[in-house]
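Breakdown of the fold
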Amino acid sequence: MELTVENLYKNYGQKVALKGVSFVLGQGVYGLLGPNGSGKSTLMNILTGNVRATSGTVFWNGQNIAEMGKDYRKILGYVPQQQALYPDFTGMRFLSYIATLQGLKSKEAKERISYALDVVELSHVSSKKIRSYSGGMKQRLLIAQAILTDPKVLIMDEPTAGLDPKQRVLMRNLIVEIASDKVVLIATHVVSDIEWISKEILLLKEGSLIQKGNRDLLIRSIQEKIETSSKRNKKNVDLEDIYLYYFGE
Ligand SMILES: Nc1ncnc2c1ncn2[C@@H]1O[C@H](COP(=O)(O)OP(=O)(O)OP(=O)(O)O)[C@@H](O)[C@H]1O
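The rules we used
Residues numbered from 1 in each chain as written. Predicted model: local features only at pLDDT ≥ 70, side-chain atom pairs only at ≥ 80, totals over all residues. Heavy atoms only, no water. pLDDT = per-residue confidence, 0-100. Helix = DSSP H or I, 4+ residues; strand = E, 2+ residues; numbered from the N terminus. Near = heavy atom within 4 Å. Polar contact = N/O pair within 3.5 Å; in protein donor to acceptor, adjacent residues only side chain to side chain. Areas by Shrake-Rupley, 256 points an atom, 1.4 Å probe, with all protein chains shown as cover. Nonpolar A, V, L, I, M, F, W, Y, C, P; charged D, E, K, R; others polar.

Another point: the confidence of the model for the chain. With 97% of its residues at a pLDDT of 70 or more, the chain shows a mean pLDDT of 91. Across the chain, element-level confidence peaks in strand E1 (residues 3-12) with a mean pLDDT of 98 and bottoms out in helix H9 (residues 215-229) with 80. Reported confidences for the modelled complex are a pTM of 0.91 and an ipTM of 0.95.

Structure below.
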(Lines give C-alpha, C1' and ligand atoms only; values in the text may rest on other atoms or scores of the structure.)
Protein backbone atom coordinates (compact mmCIF):
# COMPACT_ATOMS: atom_id res chain seq x y z
CA MET A 1 0.00 0.00 0.00
CA GLU A 2 1.93 3.00 -1.25
CA LEU A 3 1.05 6.46 -2.51
CA THR A 4 4.07 8.06 -4.14
CA VAL A 5 4.23 11.71 -5.08
CA GLU A 6 7.07 12.50 -7.42
CA ASN A 7 8.31 16.01 -8.11
CA LEU A 8 4.94 17.74 -8.40
CA TYR A 9 4.78 21.24 -9.82
CA LYS A 10 1.64 23.30 -10.25
CA ASN A 11 1.53 26.70 -11.90
CA TYR A 12 -1.52 28.91 -12.05
CA GLY A 13 -0.32 31.37 -14.68
CA GLN A 14 2.68 33.13 -13.14
CA LYS A 15 1.90 31.77 -9.68
CA VAL A 16 3.81 28.62 -8.74
CA ALA A 17 1.66 26.85 -6.14
CA LEU A 18 3.75 23.66 -5.87
CA LYS A 19 7.49 23.62 -6.40
CA GLY A 20 8.70 20.05 -6.80
CA VAL A 21 6.94 18.19 -3.99
CA SER A 22 7.92 14.54 -3.44
CA PHE A 23 7.00 12.06 -0.71
CA VAL A 24 5.86 8.48 -0.11
CA LEU A 25 2.96 7.48 2.16
CA GLY A 26 2.15 3.99 3.41
CA GLN A 27 -0.67 2.68 5.60
CA GLY A 28 -1.56 5.02 8.46
CA VAL A 29 -2.42 8.61 9.26
CA TYR A 30 -0.36 11.49 7.88
CA GLY A 31 -0.80 15.16 8.74
CA LEU A 32 -0.33 17.89 6.15
CA LEU A 33 0.37 21.17 7.90
CA GLY A 34 0.83 24.57 6.32
CA PRO A 35 -0.47 28.11 6.53
CA ASN A 36 -3.01 29.62 4.15
CA GLY A 37 -1.72 29.69 0.62
CA SER A 38 1.03 27.11 1.19
CA GLY A 39 -0.45 24.78 -1.44
CA LYS A 40 -2.37 22.25 0.65
CA SER A 41 -5.58 22.50 -1.37
CA THR A 42 -3.67 22.33 -4.63
CA LEU A 43 -1.84 19.20 -3.46
CA MET A 44 -5.04 17.57 -2.24
CA ASN A 45 -6.83 18.43 -5.46
CA ILE A 46 -4.07 16.74 -7.42
CA LEU A 47 -4.20 13.68 -5.16
CA THR A 48 -7.97 13.43 -5.64
CA GLY A 49 -7.58 13.78 -9.41
CA ASN A 50 -9.52 17.09 -9.57
CA VAL A 51 -6.56 19.18 -10.68
CA ARG A 52 -3.85 18.22 -13.12
CA ALA A 53 -0.27 18.85 -12.06
CA THR A 54 1.80 21.02 -14.39
CA SER A 55 4.47 18.32 -14.10
CA GLY A 56 5.32 15.42 -11.84
CA THR A 57 3.45 12.19 -11.15
CA VAL A 58 1.39 10.50 -8.46
CA PHE A 59 1.63 6.72 -8.26
CA TRP A 60 -0.62 4.29 -6.41
CA ASN A 61 1.28 1.04 -5.88
CA GLY A 62 3.52 1.94 -8.80
CA GLN A 63 0.71 2.89 -11.20
CA ASN A 64 0.32 6.45 -12.46
CA ILE A 65 -3.06 7.65 -11.09
CA ALA A 66 -3.64 9.76 -14.21
CA GLU A 67 -3.64 6.52 -16.21
CA MET A 68 -5.72 4.56 -13.68
CA GLY A 69 -8.82 6.73 -14.23
CA LYS A 70 -11.87 4.96 -12.81
CA ASP A 71 -9.74 2.39 -11.01
CA TYR A 72 -8.16 5.17 -8.95
CA ARG A 73 -11.50 6.78 -8.14
CA LYS A 74 -12.64 3.41 -6.81
CA ILE A 75 -9.92 3.31 -4.20
CA LEU A 76 -10.17 7.01 -3.30
CA GLY A 77 -12.25 8.60 -0.56
CA TYR A 78 -12.51 12.33 0.09
CA VAL A 79 -13.84 14.11 3.16
CA PRO A 80 -14.42 17.76 2.25
CA GLN A 81 -14.53 20.61 4.72
CA GLN A 82 -17.85 20.79 6.44
CA GLN A 83 -20.51 22.31 4.29
CA ALA A 84 -24.25 22.57 3.92
CA LEU A 85 -25.38 18.98 3.61
CA TYR A 86 -28.92 18.60 2.21
CA PRO A 87 -30.66 19.49 5.50
CA ASP A 88 -33.94 17.87 4.46
CA PHE A 89 -32.36 14.52 3.61
CA THR A 90 -32.10 11.87 6.28
CA GLY A 91 -28.61 10.47 6.87
CA MET A 92 -29.71 7.27 5.17
CA ARG A 93 -31.09 9.07 2.13
CA PHE A 94 -27.90 11.10 1.78
CA LEU A 95 -25.74 7.96 1.86
CA SER A 96 -28.04 6.15 -0.59
CA TYR A 97 -27.73 9.10 -2.94
CA ILE A 98 -23.91 9.03 -2.72
CA ALA A 99 -23.90 5.25 -3.18
CA THR A 100 -25.91 5.67 -6.38
CA LEU A 101 -23.49 8.31 -7.64
CA GLN A 102 -20.65 5.93 -6.92
CA GLY A 103 -22.34 3.20 -8.91
CA LEU A 104 -22.89 0.74 -6.08
CA LYS A 105 -25.54 -1.90 -6.80
CA SER A 106 -28.48 -1.82 -4.41
CA LYS A 107 -27.57 -4.91 -2.35
CA GLU A 108 -23.96 -3.84 -1.99
CA ALA A 109 -25.03 -0.25 -1.29
CA LYS A 110 -27.27 -1.41 1.54
CA GLU A 111 -24.47 -3.42 3.12
CA ARG A 112 -21.90 -0.69 2.74
CA ILE A 113 -24.23 2.00 4.09
CA SER A 114 -25.05 -0.11 7.11
CA TYR A 115 -21.35 -0.77 7.70
CA ALA A 116 -20.36 2.90 7.29
CA LEU A 117 -23.15 4.09 9.61
CA ASP A 118 -21.96 1.61 12.18
CA VAL A 119 -18.32 2.74 11.94
CA VAL A 120 -19.23 6.40 12.43
CA GLU A 121 -21.85 5.56 15.07
CA LEU A 122 -24.79 7.12 13.31
CA SER A 123 -26.98 4.03 12.82
CA HIS A 124 -29.42 5.17 15.50
CA VAL A 125 -30.08 8.52 13.78
CA SER A 126 -29.95 7.39 10.15
CA SER A 127 -33.68 8.09 9.67
CA LYS A 128 -33.44 11.58 11.16
CA LYS A 129 -33.04 14.66 8.98
CA ILE A 130 -29.55 16.07 8.64
CA ARG A 131 -30.74 19.46 9.89
CA SER A 132 -31.15 17.90 13.34
CA TYR A 133 -27.53 16.62 13.41
CA SER A 134 -24.83 18.29 15.51
CA GLY A 135 -21.61 19.50 13.85
CA GLY A 136 -19.84 16.31 14.92
CA MET A 137 -22.59 14.13 13.50
CA LYS A 138 -22.50 15.97 10.16
CA GLN A 139 -18.75 15.53 10.03
CA ARG A 140 -19.12 11.82 10.78
CA LEU A 141 -21.70 11.55 8.00
CA LEU A 142 -19.13 13.05 5.62
CA ILE A 143 -16.72 10.35 6.71
CA ALA A 144 -19.38 7.70 6.17
CA GLN A 145 -19.88 8.85 2.56
CA ALA A 146 -16.12 8.75 2.00
CA ILE A 147 -15.75 5.15 3.19
CA LEU A 148 -18.75 3.71 1.34
CA THR A 149 -16.57 2.10 -1.30
CA ASP A 150 -13.94 1.01 1.23
CA PRO A 151 -11.25 3.27 -0.25
CA LYS A 152 -7.57 2.62 0.25
CA VAL A 153 -6.64 6.30 0.06
CA LEU A 154 -8.59 8.74 2.20
CA ILE A 155 -7.98 12.47 1.90
CA MET A 156 -9.46 14.70 4.59
CA ASP A 157 -9.71 18.48 4.57
CA GLU A 158 -9.85 19.99 8.07
CA PRO A 159 -11.94 17.15 9.48
CA THR A 160 -12.38 18.73 12.89
CA ALA A 161 -13.20 22.29 11.80
CA GLY A 162 -16.01 23.68 13.92
CA LEU A 163 -16.12 20.78 16.36
CA ASP A 164 -16.04 21.15 20.14
CA PRO A 165 -13.17 19.53 22.10
CA LYS A 166 -15.10 16.37 22.94
CA GLN A 167 -16.12 15.86 19.31
CA ARG A 168 -12.53 16.49 18.21
CA VAL A 169 -11.31 13.65 20.41
CA LEU A 170 -14.02 11.33 19.08
CA MET A 171 -13.09 12.31 15.54
CA ARG A 172 -9.40 11.59 16.14
CA ASN A 173 -10.20 8.15 17.53
CA LEU A 174 -12.45 7.42 14.58
CA ILE A 175 -9.75 8.44 12.10
CA VAL A 176 -7.22 6.11 13.76
CA GLU A 177 -9.70 3.23 13.57
CA ILE A 178 -10.50 3.84 9.92
CA ALA A 179 -6.82 4.14 8.99
CA SER A 180 -6.01 0.55 9.96
CA ASP A 181 -6.15 -0.51 6.30
CA LYS A 182 -5.78 2.80 4.51
CA VAL A 183 -3.47 5.66 3.65
CA VAL A 184 -5.07 8.68 5.34
CA LEU A 185 -3.85 12.20 4.64
CA ILE A 186 -5.30 15.00 6.77
CA ALA A 187 -4.78 18.63 5.80
CA THR A 188 -5.24 21.00 8.69
CA HIS A 189 -4.09 24.13 10.46
CA VAL A 190 -4.92 22.56 13.80
CA VAL A 191 -1.71 21.01 15.07
CA SER A 192 -3.35 19.12 17.95
CA ASP A 193 -5.61 17.24 15.55
CA ILE A 194 -2.76 15.36 14.01
CA GLU A 195 0.01 15.65 16.59
CA TRP A 196 -0.64 12.34 18.34
CA ILE A 197 -2.29 10.27 15.64
CA SER A 198 0.05 10.88 12.71
CA LYS A 199 2.69 8.44 11.69
CA GLU A 200 4.39 11.35 9.98
CA ILE A 201 3.79 15.06 9.59
CA LEU A 202 4.43 16.93 6.35
CA LEU A 203 5.15 20.64 6.54
CA LEU A 204 4.31 22.58 3.40
CA LYS A 205 5.54 26.13 2.97
CA GLU A 206 5.17 28.29 -0.12
CA GLY A 207 4.69 25.23 -2.30
CA SER A 208 7.65 23.25 -0.97
CA LEU A 209 7.77 20.33 1.42
CA ILE A 210 10.14 21.64 4.07
CA GLN A 211 9.94 18.76 6.55
CA LYS A 212 8.54 15.24 6.77
CA GLY A 213 8.89 12.98 9.76
CA ASN A 214 7.32 11.71 12.92
CA ARG A 215 6.61 14.04 15.81
CA ASP A 216 9.75 13.15 17.76
CA LEU A 217 11.99 13.62 14.76
CA LEU A 218 10.49 17.02 13.96
CA ILE A 219 10.81 18.14 17.54
CA ARG A 220 14.38 16.90 17.97
CA SER A 221 15.44 18.48 14.71
CA ILE A 222 14.82 21.98 15.97
CA GLN A 223 14.55 21.62 19.74
CA GLU A 224 17.78 23.38 20.53
CA LYS A 225 17.15 26.22 18.15
CA ILE A 226 13.72 26.82 19.62
CA GLU A 227 14.90 26.63 23.22
CA THR A 228 17.67 29.13 22.71
CA SER A 229 15.61 31.53 20.62
CA SER A 230 12.28 31.27 22.46
CA LYS A 231 11.12 34.43 24.08
CA ARG A 232 9.17 32.34 26.54
CA ASN A 233 12.19 30.22 27.38
CA LYS A 234 10.20 27.03 27.17
CA LYS A 235 11.66 23.72 28.29
CA ASN A 236 9.20 21.42 26.53
CA VAL A 237 8.96 21.91 22.83
CA ASP A 238 5.78 20.65 21.22
CA LEU A 239 4.48 20.50 17.69
CA GLU A 240 2.78 23.87 18.10
CA ASP A 241 6.25 25.37 18.58
CA ILE A 242 7.46 23.65 15.43
CA TYR A 243 4.57 25.17 13.50
CA LEU A 244 5.36 28.64 14.85
CA TYR A 245 9.06 28.15 14.19
CA TYR A 246 8.53 27.35 10.52
CA PHE A 247 5.45 29.40 9.76
CA GLY A 248 5.87 32.36 12.07
CA GLU A 249 3.77 33.61 14.96
N1 LIG B 1 -7.13 28.63 -9.38
C2 LIG B 1 -6.12 29.40 -8.99
N3 LIG B 1 -5.66 30.40 -9.73
C4 LIG B 1 -4.63 31.18 -9.34
N5 LIG B 1 -3.95 31.01 -8.20
C6 LIG B 1 -4.35 30.02 -7.39
C7 LIG B 1 -5.44 29.16 -7.73
N8 LIG B 1 -5.61 28.26 -6.73
C9 LIG B 1 -4.66 28.55 -5.82
N10 LIG B 1 -3.90 29.60 -6.21
C11 LIG B 1 -2.76 30.16 -5.48
O12 LIG B 1 -1.84 29.11 -5.23
C13 LIG B 1 -1.30 29.21 -3.91
C14 LIG B 1 -1.63 27.95 -3.12
O15 LIG B 1 -3.02 27.90 -2.90
P16 LIG B 1 -3.74 26.72 -2.12
O17 LIG B 1 -5.21 27.01 -2.13
O18 LIG B 1 -3.30 25.42 -2.67
O19 LIG B 1 -3.17 26.89 -0.64
P20 LIG B 1 -3.71 26.32 0.74
O21 LIG B 1 -2.52 25.95 1.54
O22 LIG B 1 -4.70 25.27 0.50
O23 LIG B 1 -4.43 27.56 1.40
P24 LIG B 1 -5.78 27.57 2.28
O25 LIG B 1 -5.44 26.94 3.57
O26 LIG B 1 -6.07 29.04 2.37
O27 LIG B 1 -6.81 26.84 1.48
C28 LIG B 1 -1.90 30.48 -3.31
O29 LIG B 1 -1.00 31.53 -3.49
C30 LIG B 1 -3.15 30.70 -4.12
O31 LIG B 1 -3.46 32.08 -4.18
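This part is about the site of the ligand. The environment of the ligand is made up of Tyr12, Lys15, Ala17, Pro35, Asn36, Gly37, Ser38, Gly39, Lys40, Ser41, Thr42 and His189. Contact between the ligand and Gly37: an oxygen atom at 2.7 Å from a main-chain N or O atom of the residue. Residue Ser41 places a side-chain N or O atom 2.6 Å away from an oxygen atom belonging to the ligand. Out of a free accessible area of 630 Å², the ligand has 59% covered by protein chains. Residue assignment for the shell around the ligand shows that the elements contributing at least two residues are strand E2 (15-25) and helix H1 (40-47). Looking at side-chain class alone, the shell around the ligand contains three nonpolar, seven polar and two charged residues.

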